[in-house]
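Listed below are the residues making up each chain.
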Amino acid sequence: MKIIAIGRNYTAHIAELNNERPSSPVIFMKPDTAVLRNNAPFYYPDFSKDIHFEVEILLKINKEGKYIDEKFAHKYYDEIGIGIDFTARDLQSKCKEKGLPWEIAKGFNGSAPISQFLPKSNFDLQNLDFSLNQNGQQKQKGNTSLMLYTFDQIIAYVSQFFTLKKGDIIFTGTPAGVGPIVVGDKLEAYIEEEKLLEVEIK
Ligand code: MG
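Worth saying up front: this structure is predicted, and the values here are computed from it rather than measured. (Residues numbered from 1 in each chain as written. Predicted model: local features only at pLDDT ≥ 70, side-chain atom pairs only at ≥ 80, totals over all residues. Heavy atoms only, no water.)

1. Re the coordination of the magnesium ion
With distances of 2.0 to 2.1 Å, the protein atoms coordinating the magnesium ion are Glu54 (OE), Glu56 (OE) and Asp85 (OD). Summarised as a motif, the one-chain spacing of the donors to the magnesium ion is E-x1-E-x28-D. Of this pair, Glu54 sits in the loop between strand S4 (51-53) and strand S5 (55-61) while Asp85 is found in the loop between strand S6 (77-84) and strand S7 (87-88), placing the two residues 31 residues apart along the sequence. Here the two residues Glu54 and Asp85 agree in accessibility, since each one is buried. (Donors = N, O, S within 2.8 Å, 3.2 Å for Na, K, Ca; no water. Helix = DSSP H or I, 4+ residues; strand = E, 2+ residues; numbered from the N terminus. Buried < 20%, exposed > 50% of the residue type's maximum accessible area, 1.4 Å probe, protein only.)

2. Digging into the sheet that holds strand S12 (residues 169-171)
The sheet built from six strands is open, its strands ordered S2-S1-S12-S5-S6-S9 with mixed pairing. Each edge of the open sheet is held by one strand with a lone partner, namely strand S2 (26-30) and strand S9 (118-119). With two bridges joining them, S6 and S9 adopt antiparallel strand pairing. Note on S9: the bridge partner recorded for Glu79 is Pro119. (Pairing = 2+ DSSP bridges.)

3. A few points about empty space enclosed by the protein
Evaluated as defined, the whole model comprises one cavity of 30 Å³ or more. A volume near 120 Å³ is recorded for the largest cavity. Taken together, 18 residues line the largest cavity, and the ones lying closest to its centre are Gly7, Arg8, His13, Glu54 and Lys106. Elements supplying a minimum of two residues to the lining of the largest cavity: strand S1 (3-7) and helix H2 (89-98). (1 Å grid on protein atoms, 1.4 Å probe; cavity = no way out; pocket = protein on both sides within 12 Å on 5 of 7 lines; lining within 4 Å. Points joined across faces, edges and corners; volume = space filled by probe spheres on them.)

4. A closer look at the pattern of salt bridges
Across all of its chains, the model carries 10 salt bridges by this definition. Between Asp85 and Lys30 there is a salt bridge, with its nearest N and O atoms 2.7 Å apart. Here Lys30 lies in strand S2 and Asp85 lies in the loop between S6 and S7, a separation of 55 residues in the sequence. Each member of the pair, Asp85 as well as Lys30, is classed as buried. Asp69 serves as the salt-bridge partner of Lys71, at 3.7 Å between the closest nitrogen and oxygen. A relative accessible area of 55% means that Lys71 is categorised as exposed. (Salt bridge = Lys/Arg side-chain N within 4 Å of Asp/Glu carboxyl O.)

5. Some details on helix H4 (residues 151-161)
Of the residues making up H4, those classed as buried are Phe151, Asp152, Ile154, Ile155, Ala156, Val158 and Ser159. Those residues of H4 hidden inside the fold are in contact with S1, S2, S5, S6 and S12. (Contact = heavy atoms within 4.5 Å.)

6. A word on the nonpolar core
Judged by nonpolar contacts, the single largest core of 47 residues is most densely connected at Phe42, Phe86, Ile155, Ile170 and Leu187. Secondary structure elements with two or more residues in this core: S1, S4, S5, S6, strand S10 (129-134), H4, strand S14 (186-191) and strand S15 (194-200). With residues up to four places along the chain from it excluded, the contact list for Leu187 reads Phe53, Ile84, Phe86, Leu132, Asn133, Gln134, Ile181, Leu197, Glu198, Val199 and Ile201. In this structure, Ala5, Ala34, Val35 and Phe171 belong to the second largest nonpolar core, which totals 14 residues. (Core = buried A, V, L, I, M, F, W, Y, C linked by side-chain atoms within 4.5 Å.)

7. A look at the layout of surface pockets
The computed volume of the largest pocket comes to approximately 190 Å³. His74, Tyr77, Lys120, Phe123, Leu125, Gln126, Thr144, Ser145, Met147, Thr150, Phe151 and Asp152 are the residues that line the largest pocket.

8. Examining the pairing of S10
Most of S10 is tucked away: five of the six residues are buried. In the sheet, S10 pairs with strand S11 (residues 137-143) via six bridges, with the strands oriented antiparallel. Along S11, the bridge assignment pairs Asp129 with Asn143. Hairpin geometry of S10 and S11 is characterised by an intervening segment of two residues between the two adjacent antiparallel strands and by a positive phi of about 50 degrees at Asn135. The sheet contact formed by S10 and S14 spans five bridges and is antiparallel. Directly across from Ser131, in S14, lies its bridge partner Tyr190.

Right, dumping it as C-alpha coordinates:
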(Lines give C-alpha, C1' and ligand atoms only; values in the text may rest on other atoms or scores of the structure.)
Protein backbone atom coordinates (compact mmCIF):
# COMPACT_ATOMS: atom_id res chain seq x y z
CA MET A 1 0.00 0.00 0.00
CA LYS A 2 1.00 3.60 -0.43
CA ILE A 3 0.22 6.76 1.46
CA ILE A 4 -0.55 9.93 -0.43
CA ALA A 5 -0.77 13.14 1.55
CA ILE A 6 -2.14 16.55 0.70
CA GLY A 7 -0.40 19.70 1.92
CA ARG A 8 -1.89 23.18 2.35
CA ASN A 9 -5.55 22.17 2.25
CA TYR A 10 -6.80 24.41 5.09
CA THR A 11 -6.43 28.18 4.78
CA ALA A 12 -5.62 28.92 8.42
CA HIS A 13 -2.79 26.37 8.41
CA ILE A 14 -1.37 27.84 5.17
CA ALA A 15 -1.26 31.21 6.97
CA GLU A 16 0.44 29.86 10.11
CA LEU A 17 3.35 28.47 8.05
CA ASN A 18 3.48 31.52 5.73
CA ASN A 19 2.88 29.27 2.73
CA GLU A 20 1.33 30.26 -0.58
CA ARG A 21 -2.22 29.17 -1.30
CA PRO A 22 -1.81 26.43 -3.93
CA SER A 23 -3.46 26.62 -7.35
CA SER A 24 -3.68 22.81 -7.37
CA PRO A 25 -3.39 20.32 -4.47
CA VAL A 26 0.14 19.88 -3.04
CA ILE A 27 0.96 16.17 -2.97
CA PHE A 28 3.63 14.16 -1.23
CA MET A 29 3.99 10.51 -0.30
CA LYS A 30 5.03 8.41 2.65
CA PRO A 31 6.28 4.83 2.37
CA ASP A 32 4.42 1.96 4.07
CA THR A 33 7.20 1.85 6.70
CA ALA A 34 5.85 5.19 8.02
CA VAL A 35 2.65 3.57 9.27
CA LEU A 36 2.00 3.05 13.00
CA ARG A 37 -1.13 1.04 13.82
CA ASN A 38 -2.95 -0.03 16.97
CA ASN A 39 -1.91 3.05 18.99
CA ALA A 40 1.76 2.03 18.80
CA PRO A 41 4.14 4.56 20.39
CA PHE A 42 6.26 6.94 18.34
CA TYR A 43 9.99 6.97 19.05
CA TYR A 44 11.47 10.45 18.68
CA PRO A 45 14.29 10.18 16.12
CA ASP A 46 17.79 11.63 16.54
CA PHE A 47 17.82 13.45 13.20
CA SER A 48 15.30 16.13 14.20
CA LYS A 49 14.82 18.54 17.08
CA ASP A 50 11.47 19.87 15.88
CA ILE A 51 8.91 17.19 15.07
CA HIS A 52 5.37 18.55 14.72
CA PHE A 53 1.97 16.86 14.88
CA GLU A 54 -0.53 17.45 12.04
CA VAL A 55 -3.90 15.77 12.56
CA GLU A 56 -5.68 14.78 9.35
CA ILE A 57 -8.75 12.91 8.13
CA LEU A 58 -7.84 9.74 6.20
CA LEU A 59 -9.54 8.07 3.25
CA LYS A 60 -9.04 4.37 2.58
CA ILE A 61 -9.18 3.44 -1.09
CA ASN A 62 -11.40 0.42 -1.75
CA LYS A 63 -10.66 -0.39 -5.41
CA GLU A 64 -8.18 0.30 -8.15
CA GLY A 65 -8.63 3.37 -10.30
CA LYS A 66 -6.89 6.03 -12.34
CA TYR A 67 -8.11 9.17 -14.07
CA ILE A 68 -11.10 9.02 -11.75
CA ASP A 69 -13.72 11.62 -12.54
CA GLU A 70 -14.66 13.79 -9.57
CA LYS A 71 -18.29 12.74 -9.87
CA PHE A 72 -17.36 9.05 -9.43
CA ALA A 73 -14.65 9.60 -6.80
CA HIS A 74 -17.00 8.76 -3.91
CA LYS A 75 -17.15 5.16 -5.18
CA TYR A 76 -13.43 4.68 -4.50
CA TYR A 77 -13.57 4.98 -0.71
CA ASP A 78 -16.11 3.83 1.81
CA GLU A 79 -14.18 4.18 5.05
CA ILE A 80 -12.49 7.09 6.79
CA GLY A 81 -10.13 7.35 9.73
CA ILE A 82 -7.85 9.81 11.45
CA GLY A 83 -4.08 10.02 11.43
CA ILE A 84 -1.13 12.18 12.31
CA ASP A 85 1.27 13.44 9.65
CA PHE A 86 4.40 13.76 11.79
CA THR A 87 6.70 16.32 10.20
CA ALA A 88 10.33 17.10 11.00
CA ARG A 89 9.79 20.84 10.62
CA ASP A 90 13.50 21.67 10.90
CA LEU A 91 14.40 19.29 8.05
CA GLN A 92 11.39 20.43 6.03
CA SER A 93 12.40 24.10 6.34
CA LYS A 94 15.90 23.28 5.09
CA CYS A 95 14.49 21.31 2.14
CA LYS A 96 12.07 24.13 1.28
CA GLU A 97 14.82 26.76 1.41
CA LYS A 98 16.85 24.78 -1.08
CA GLY A 99 13.86 23.81 -3.21
CA LEU A 100 14.47 20.13 -2.45
CA PRO A 101 11.93 17.32 -1.98
CA TRP A 102 10.54 16.84 1.55
CA GLU A 103 10.62 13.05 1.86
CA ILE A 104 13.08 12.86 4.76
CA ALA A 105 10.98 15.41 6.67
CA LYS A 106 7.66 13.64 6.06
CA GLY A 107 8.20 9.97 5.29
CA PHE A 108 10.47 8.74 8.06
CA ASN A 109 9.73 5.63 10.16
CA GLY A 110 6.62 6.05 12.29
CA SER A 111 5.62 9.35 10.68
CA ALA A 112 2.11 8.12 9.91
CA PRO A 113 0.13 6.87 12.93
CA ILE A 114 -3.35 5.83 11.72
CA SER A 115 -6.57 4.86 13.46
CA GLN A 116 -8.98 2.09 12.65
CA PHE A 117 -11.29 2.93 9.74
CA LEU A 118 -15.05 3.47 10.03
CA PRO A 119 -17.80 3.45 7.40
CA LYS A 120 -18.12 6.88 5.83
CA SER A 121 -21.90 6.46 5.91
CA ASN A 122 -21.68 7.11 9.69
CA PHE A 123 -20.60 10.70 9.02
CA ASP A 124 -21.49 13.94 7.27
CA LEU A 125 -18.30 14.16 5.21
CA GLN A 126 -18.89 17.76 4.17
CA ASN A 127 -19.22 18.92 7.77
CA LEU A 128 -17.02 16.73 9.90
CA ASP A 129 -15.32 17.96 13.07
CA PHE A 130 -11.97 16.48 14.02
CA SER A 131 -9.40 17.44 16.60
CA LEU A 132 -6.16 16.64 18.37
CA ASN A 133 -5.32 16.85 22.06
CA GLN A 134 -1.79 17.02 23.42
CA ASN A 135 -1.59 15.94 27.07
CA GLY A 136 -5.32 16.49 27.48
CA GLN A 137 -5.33 19.95 25.93
CA GLN A 138 -6.97 20.61 22.58
CA LYS A 139 -4.38 21.92 20.08
CA GLN A 140 -6.02 21.40 16.68
CA LYS A 141 -9.64 21.56 15.66
CA GLY A 142 -10.75 21.27 12.06
CA ASN A 143 -13.90 20.89 10.04
CA THR A 144 -13.95 19.38 6.57
CA SER A 145 -16.17 22.22 5.31
CA LEU A 146 -13.00 24.38 5.46
CA MET A 147 -10.95 22.30 3.01
CA LEU A 148 -9.73 24.01 -0.17
CA TYR A 149 -10.03 20.69 -2.04
CA THR A 150 -12.78 18.20 -1.19
CA PHE A 151 -12.16 14.48 -0.75
CA ASP A 152 -13.57 13.83 -4.23
CA GLN A 153 -11.47 16.56 -5.85
CA ILE A 154 -8.36 15.14 -4.16
CA ILE A 155 -9.06 11.64 -5.51
CA ALA A 156 -9.70 12.99 -9.02
CA TYR A 157 -6.48 15.01 -8.97
CA VAL A 158 -4.20 12.40 -7.40
CA SER A 159 -5.44 9.54 -9.59
CA GLN A 160 -4.22 11.30 -12.74
CA PHE A 161 -0.63 10.72 -11.60
CA PHE A 162 -0.84 7.65 -9.37
CA THR A 163 -3.08 4.65 -9.89
CA LEU A 164 -4.95 4.22 -6.64
CA LYS A 165 -5.10 0.68 -5.33
CA LYS A 166 -7.21 -1.03 -2.70
CA GLY A 167 -5.77 -0.31 0.75
CA ASP A 168 -4.02 2.93 -0.19
CA ILE A 169 -4.52 5.74 2.31
CA ILE A 170 -4.91 9.43 1.61
CA PHE A 171 -4.06 12.05 4.26
CA THR A 172 -6.30 15.00 3.40
CA GLY A 173 -4.49 17.93 5.04
CA THR A 174 -4.22 19.55 8.42
CA PRO A 175 -6.05 22.49 10.02
CA ALA A 176 -4.29 25.23 12.01
CA GLY A 177 -2.70 24.62 15.39
CA VAL A 178 0.20 22.33 14.47
CA GLY A 179 2.95 22.24 17.06
CA PRO A 180 6.00 20.43 18.41
CA ILE A 181 6.03 17.19 20.40
CA VAL A 182 8.41 16.15 23.17
CA VAL A 183 9.20 12.78 24.69
CA GLY A 184 6.51 11.89 27.24
CA ASP A 185 3.65 13.57 25.33
CA LYS A 186 0.37 11.80 24.81
CA LEU A 187 -1.54 12.70 21.64
CA GLU A 188 -5.21 11.84 21.13
CA ALA A 189 -7.12 12.29 17.87
CA TYR A 190 -10.89 12.53 17.56
CA ILE A 191 -13.48 12.43 14.81
CA GLU A 192 -16.49 14.30 16.20
CA GLU A 193 -16.63 13.18 19.87
CA GLU A 194 -15.02 9.78 19.34
CA LYS A 195 -11.40 9.18 20.26
CA LEU A 196 -9.96 6.96 17.54
CA LEU A 197 -6.20 7.29 17.96
CA GLU A 198 -3.68 7.62 20.80
CA VAL A 199 0.05 8.01 20.38
CA GLU A 200 2.60 8.16 23.14
CA ILE A 201 5.91 9.85 22.34
CA LYS A 202 8.88 7.84 23.61
MG1 MG B 1 0.06 17.33 6.66
